[in-house]
Amino acid sequence: MASLTVPFSECVPRGSLLPRRRLSACAAGASSLPTFLRDKRDGYSSKRSKELFCNASGNRIFASVAEISVEHSVDDVALPKGHAWSVHKFGGTCMGTSKRIQSVADIVLNDSSEKKLVVVSAMSKVTDMMYNLVDKAKSRDDTYLSAVDDVYEKHLLTAKDLLDGDVLEHFLSQLHQDISNLKAMLRAIYIAGHATESFTDFVVGHGELWSAQLLSAVIKKSGRDCTWMDTREVIIVNPTGSNQADPDYLESEKRLETWFQHNSVDTIVATGFIASTPQHIPTTLKRDGSDFSAAIMGALLKAGQVTIWTDVDGVYSADPRKVSEAVILKTLSYQEAWEMSYFGANVLHPRTIIPVMRYNIPIMIRNVFNLSAPGTMICRQPENENTDTHNLDSFVKAFATIDNVALVNVEGTGMAGVPGTASAIFSAVKDVGANVIMISQASSEHSICFAVPEKEVKAVEDLLKSQFSQALDAGRLSKVEVIPNCSILAAVGQKMASTPGVCATLFDALAKANINVRAIAQGCTEYNITVVLKGDDRIRALRAVHSRFYLSKTTIAVGVIGPGLIGSTLLDQLRDQTAVLKEEFNIDLRVMGIVGSRSMVLSDTGLDLTRWREILSENAEEANLEKFSSHVHGNQFIPNTVFIDCTAATHIANHYYDWLRKGINVVTPNKKANSGPLDRYLKLRALQRRSYTHYFYEATVGAGLPIISTLRGLLETGDKILQIEGIFSGTLSYIFNNFSGDGTFSSVVTEAKESGYTEPDPRDDLSGTDVARKVIILARECGLKLELTDISVENLVPERLRSSSSAEEFMSQLPEFDEEMSQKRVEAEASGQVMRYVGVVEVSSGRGRVELRRYNKSHPFAQLSGSDNIIAFTTMRYKEQPLIVRGPGAGAQVTAGGIFCDLLRLASYLGAPS
């Protein structure tokens, strides 16, 4: 037999915070605060600390010291430690209703671990309700009594749903007793108009006690031996002045071993959030206290794993409320999780990680509402992880932001080389109690800038200006500047900073999204890169960098203008190819909007191209180019934007300059911009060359033929262009390829129109204006500063028919002029030649012209068939034998294909694999 001093908690039913029987003769009906355990070498010794308490009527306040000693037989039971233990933590959301508590019990019962310790929070909203009780009592608000009844009712109904028989009766008896004692405590607070921190913690801790008792009873009801633990008897902490508490692991381990001697079961339900001071005073573990409790218990038991059950599937690569395509991370290192939580990610509080790091205990983040989700494991990662792959994506794990911060910049030449300046600045910041989130200092020491919460910046600014007023007046400091409305963006990853290319990729993504960086900080820990940017840019920046590292190196928001014949064909080609491009080439093309002359359709994540026609028909709204532009480019999700103009409209081409200036790339077959006024063209090209945006227009000259790219290749490699000559019109190529034998010119034109080769009005083709535009585009590519009016054009439309009121009238009168064209054909054939309608750029003379020419039948231009185009480049390298490009130059399929090629060229420029 051993002589023991039994703890106060053993004298009353477990969970009671106040004794059922009076232990003090100070006053009738008096209750007292609980006492907590104090170890001695020969057993338990419980000494009552001197505390305030009140009688049931709340009329008087007393102090009491009491001791209780009994003798009790105890068999020493060693506390087993190690991987046999699994620790689970369930938060208030998981314990929110009777149904959820039952689900939690099922999870515990289905856990195959040999030993289990389950840490629980108070039921959802109960902690807030308990704090509210104290606040009401302190402010002498009588409604605290009805608020207590609400707490009682919530737990009463929950218990009735979950329990029955003697178990229910015992719980309700204890609950009623606790509520009565709570009312007495709150009455004392009401009278005093004040509550100490320990009194508040004492009241608030009831929520966890009731949750633990409920869950323990439900598990026992299923036949599993289970008990519950009041962690104030085990976890000892030293509260600090920074709203934190530092665990005393040595003392807590002793308490746990002693507790286990009396409660040697394999399933334990423990209270989260609450603990005790070394002076046996109730306290809490402050913010995220239940997570911290689980980590502490995991460390004390040296458990195999700690599982934090929550309402999300795991840790995301970014806040899913801001980045819809954030992904669940399979693993995180302790340091990565630490960094993410510091920068606002809803992972774990940094202190939660410290206890488990000591013993390399992994933390699993799981979703209590989706057991099929594997979750995220936070653990120590191997030093050589990912070193073989050198993949940037593997080094950057996640992104997080801190919003509502202000940047304070202290600048002046008098700071350089002066010891103590930084110390004086940050001492001032400390004096106003502001929290410095980030610091950046130029190596010249000319300026120091740091970020603080925006709500604290005014006090910081005022104190700095006051403290450094003499230096400011003397000019040693030039300014104390505040930049408000900022956000901090952090990229987090193990060994990230030491991996070549990460910073470049990060800042390239921000630059391409048109985002300006105000300050940069990178720690030598190699776990984060931090930038400060404008608050309004935070979501776009977050999505831009996340897209760059996670979605695809080339995720592009596509806006299609003009869903006519060319545009619709392009959309169908995109429909058939986007999945292949994403899977094989990591190119993610998303059509975010389609706009026509009268209607448009917009999407936040990308249109379903298998149904784009139906969507455009069913969900269309009135066309508005400004709204279309703002939506596609301002989606704050995809950093790269391209507008594809499939029209021939001048008013659309007039927007190119503004689009490029805003960072919107442009791809088009529309010739109006490059063949329009020279000054506007030069301005457009100058902007293109000095910006990060791209302007591709291959299809303006040869549909799907590589005319522009071939010309640029020649020029960029130093070749000198002498002449460009070609058949640039598929329509006119078809007409003159088929104008032979006994057929008339008008009949061939009619056939071409009926076959869809001509414009609705064939005069648009026969006038030569379209060819002239292509000639002027090529001439300007060669450096010639020509206007469209400088091009000499042979118009094939008879002069008298140029003013015909309609295409039908023109076609009906065209046969009247067949004789003239037939005569030209006969003359050519008599000379062994054919007629071809060509465009010519004579670079040496600086001229361009469009005309009907005759070629020997052996000439490459005479060998064409159908609607093929052919272009001959005569250069210094290709002087004797011109470089020939030949192929289909008309038709929706090849034109759309040319646009698609430009789109893929853009993707390549943005980083897609070649």
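Residues numbered from 1 in each chain as written. Predicted model: local features only at pLDDT ≥ 70, side-chain atom pairs only at ≥ 80, totals over all residues. Heavy atoms only, no water.

Engineer: Any details on the overall build of the protein? Residues and values, ideally.
Structural biologist: Within the protein one finds 32 helices and 37 strands. For the protein, with 914 residues in total, the buried portion stands at 56%. With the model as given, the accessible surface of the protein reaches about 38900 Å², and the carbon-plus-sulfur share is 47%. (Helix = DSSP H or I, 4+ residues; strand = E, 2+ residues; numbered from the N terminus. Buried < 20%, exposed > 50% of the residue type's maximum accessible area, 1.4 Å probe, protein only. Areas by Shrake-Rupley, 256 points an atom, 1.4 Å probe, with all protein chains shown as cover.)

Engineer: Account for the side chain of Asn-367, naming residues and giving values.
Structural biologist: Structurally, Asn-367 is set in strand β17 (residues 363–367). The exposure class of Asn-367 is buried, given its relative accessible area of 7%. Polar side-chain contacts of Asn-367 include one of 2.9 Å to the backbone nitrogen of Phe-369. Beyond its immediate chain neighbours, meaning those up to four positions away, Asn-367 contacts Trp-309, Thr-310, Asp-311, Val-312 and Asp-313. (Polar contact = N/O pair within 3.5 Å; in protein donor to acceptor, adjacent residues only side chain to side chain. Contact = heavy atoms within 4.5 Å.)

Engineer: Tell me what's going on with the nonpolar core, and back it up with residues and numbers.
Structural biologist: Among the nonpolar cores identified, the biggest contains 71 residues, and Tyr-656, Ile-724, Ile-735, Phe-736, Leu-766 and Leu-778 are the most heavily contacted of them. Looking at this core element by element, the count peaks at seven residues for helix α29 (residues 769–781). Judged by nonpolar contacts, the second largest core, of 56 residues, contains Leu-109, Leu-133, Tyr-144 and Leu-162. (Core = buried A, V, L, I, M, F, W, Y, C linked by side-chain atoms within 4.5 Å.)

Engineer: Before we move on, can you summarise the pairing of strand β18 (residues 376–379) with the specific residues and values?
Structural biologist: Bridge count for strand β16 (residues 331–333) against β18 is three bridges, and the pairing is parallel. In the sheet register, Leu-332 faces β18, and the bridge partner there is Ile-378. Where β17 meets β18, three bridges bridge the pair, whose relative direction is antiparallel. Bridging from a neighbouring strand, Met-364 pairs with Met-377 of β18. (Pairing = 2+ DSSP bridges.)

Engineer: Describe the sheet that holds strand β19 (residues 398–411), and please don't skip the residues or the numbers.
Structural biologist: Spatially, β20-β21-β19-β22-β24-β23 is the arrangement adopted by the six strands of the open sheet, whose pairing is antiparallel. Only two strands of the sheet have a single partner each, and these edge strands are β20 (438–441) and β23 (517–522). Averaged over all pairs of adjacent strands, the angle between their axes in this sheet comes to 30°, without regard to strand direction. Inspection of the sheet shows β23 paired to strand β24 (residues 528–534) by five bridges, in the antiparallel sense. Bridge pairing in β24 links Val-517 to Leu-533. Sheet contacts for helix α15 (residues 502–512): β19, β22 (479–492), β23 and β24; angle to β24, the most-contacted strand, approximately 20°. (Axes fitted to C-alpha atoms, helices over the stretch in contact; angles between N-to-C directions.)

Engineer: Describe the side chain of Glu-456, naming the residues involved and giving the relevant values.
Structural biologist: Here Glu-456 is to be found in the loop between β21 (447–453) and α13 (457–467). As a buried residue without a salt bridge, Glu-456 has its nearest oppositely charged side chain in Lys-455, at a separation of 5.3 Å. Setting aside residues no more than four positions away along its own chain, Glu-456 makes contact with Gly-433, Ala-434 and Asn-435. (Lys, Arg positive; Asp, Glu negative; His and termini not counted. Salt bridge = Lys/Arg side-chain N within 4 Å of Asp/Glu carboxyl O.)

Engineer: Can you lay out the packing of helix α9 (residues 334–342) against helix α10 (residues 350–357) for me, pointing to particular residues and giving the numbers?
Structural biologist: At a minimum axis distance of 9 Å, the contact between α9 and α10 shows a crossing angle of 165°. It follows from the interaxial angle that α9 and α10 lie roughly antiparallel. In this structure, the crossing between α9 and α10 has a hand that is left-handed. Counted together, Tyr-334, Gln-335, Ala-337, Trp-338, Ser-341 and Tyr-342 of α9 and Pro-350, Ile-353, Ile-354, Val-356 and Met-357 of α10 form the full contact between these two elements. Residues that form the contact of α9 with α10 fall into these classes: nine nonpolar, two polar and no charged. (Parallel < 35°, antiparallel > 145°, perpendicular 65-115°, else oblique. Left-handed = near helix turned anticlockwise from the far one by under 90°. Nonpolar A, V, L, I, M, F, W, Y, C, P; charged D, E, K, R; others polar.)

Engineer: I'd like to hear about the environment of Asp-201, residue by residue, with values.
Structural biologist: Mapped onto the secondary structure, Asp-201 falls in helix α5 (residues 197–204). As a C-alpha pair, Asp-201 and Leu-285 span 84 residues in sequence and 9.7 Å in three-dimensional space. Not counting residues within four places of it along the chain, the set of residues in contact with Asp-201 comprises Pro-282, Thr-283, Thr-284 and Lys-286.

Engineer: Please give an account of the pairing of β22 that cites residues and values.
Structural biologist: For a regular strand, side chains alternate in direction, first toward one face of the sheet and then toward the other. Both β19 and β22 contribute to a ladder of 11 bridges, which runs antiparallel. Bridge pairing in β22 links Phe-399 to Ala-491. Bridge count between β22 and β24: seven bridges; the pairing is antiparallel. If you follow Ala-490 over to β24, its bridge partner there is Thr-530.

Engineer: Run through helix α3 (residues 144–162), naming residues and quoting values.
Structural biologist: With 19 residues, α3 extends 28 Å between its outermost C-alpha atoms, agreeing within 8% with the 27 Å of an ideal straight helix rising 1.5 Å per residue. Restricting attention to buried positions, one finds in α3 the residues Tyr-144, Ala-147, Val-148, Val-151, His-155, Leu-156, Thr-158, Ala-159 and Leu-162. (Expected span 1.5 Å × (residues − 1).)

Engineer: Any details on unusual backbone geometry? Residues and values, ideally.
Structural biologist: In this structure, Asn-360 takes a positive phi of about 55° despite not being glycine. With phi around 55°, Ala-703 is a residue other than glycine that occupies positive phi space. With a relative accessible area of 5%, Ala-703 lands in the buried category.

Engineer: Residue-level account of the packing of aromatic side chains, with values.
Structural biologist: Evaluation of the coordinates by the stated rule reveals 15 aromatic pairs. Arranged with centres 6.0 Å apart and planes meeting at 45°, the rings of Phe-736 and Phe-745 form a pair that is tilted. Side by side, Phe-736 and Phe-745 carry an identical accessibility label, which is buried. Grouping aromatic residues by their ring pairs yields a cluster made of Phe-628, Phe-643, Tyr-656, Trp-659, Tyr-695 and Tyr-697. (Phe/Tyr/Trp six-rings, centres within 6.5 Å; stacked < 30°, edge-to-face > 60°.)

Engineer: I'd love a proper account of the sheet that holds β16, names of residues and values included.
Structural biologist: The sheet built from eight strands is open, its strands ordered β9-β12-β8-β7-β15-β17-β18-β16 with mixed pairing. Because the sheet does not close on itself, it has two edges, and the strands there are β9 (227–229) and β16. Between one strand and the next, the sheet's axes are offset by a mean angle of 20°, whatever the strand orientation. Most of the contacts of helix α7 (residues 249–262) go to β9, to which it runs at about 155°, and overall it touches β7 (85–90), β9 and β12 (267–271). Contacts from helix α8 (residues 289–301) reach β7, β8 (115–120), β9, β12 and β15 (305–310), with the element oriented near 175° to β7.

Engineer: Summarise the packing of helix α1 (residues 98–110) against helix α6 (residues 206–221); cite the residues concerned and give the values.
Structural biologist: Two elements in contact, α1 and α6, have axes separated by 9 Å at closest approach and are oriented at 55°. As judged from the angle between their axes, α1 and α6 are oblique. Crossing of α1 against α6: the hand is right-handed. Residue-level inspection shows Ile-101, Gln-102, Val-104, Ala-105, Val-108 and Leu-109 of α1 in contact with α6, the latter providing Leu-214, Leu-215, Val-218 and Ile-219. A class-by-class count of the residues in the contact of α1 with α6 yields nine nonpolar, one polar and no charged.

Engineer: Describe the confidence of the model for the protein, with residues and values.
Structural biologist: For the protein, the mean per-residue pLDDT works out to 85, and 87% of the residues sit at or above 70. Scored below 50 in pLDDT, residues 1–74 shows 163 contacts in the model against residues more than four places distant or in partner chains. In the predicted structure, residues 385–390 sits below a pLDDT of 50 and forms four contacts with residues beyond four places in sequence or in another chain. (pLDDT = per-residue confidence, 0-100.)

Engineer: Describe the pattern of salt bridges, listing the residues and the values that go with them.
Structural biologist: The final tally for this structure, using the stated rule, is 41 salt bridges. With its nearest N and O atoms 2.4 Å apart, the salt bridge here joins Glu-325 to Arg-590. On the criterion of sequence distance, the pair formed by Glu-325 in the loop between β15 and β16 and Arg-590 in strand β26 (residues 587–595) is long-range, its members being 265 residues apart. A residue is classified by how much of its surface remains accessible, and Arg-590, at 8% relative accessible area, is buried.

Engineer: Requested: an account of helix α32 (residues 892–909), with residues and values cited.
Structural biologist: Helix length check: α32, at 18 residues, gives a terminal C-alpha distance of 26 Å against a target of 26 Å (1.5 Å per residue), a fit within 8%. Within α32, the full set of buried residues consists of Ala-892, Thr-895, Ala-896, Gly-898, Ile-899, Phe-900, Asp-902, Leu-903, Leu-906 and Ala-907. Immediately downstream of α32, the backbone of Gly-911 shows phi near 125°, a positive value.

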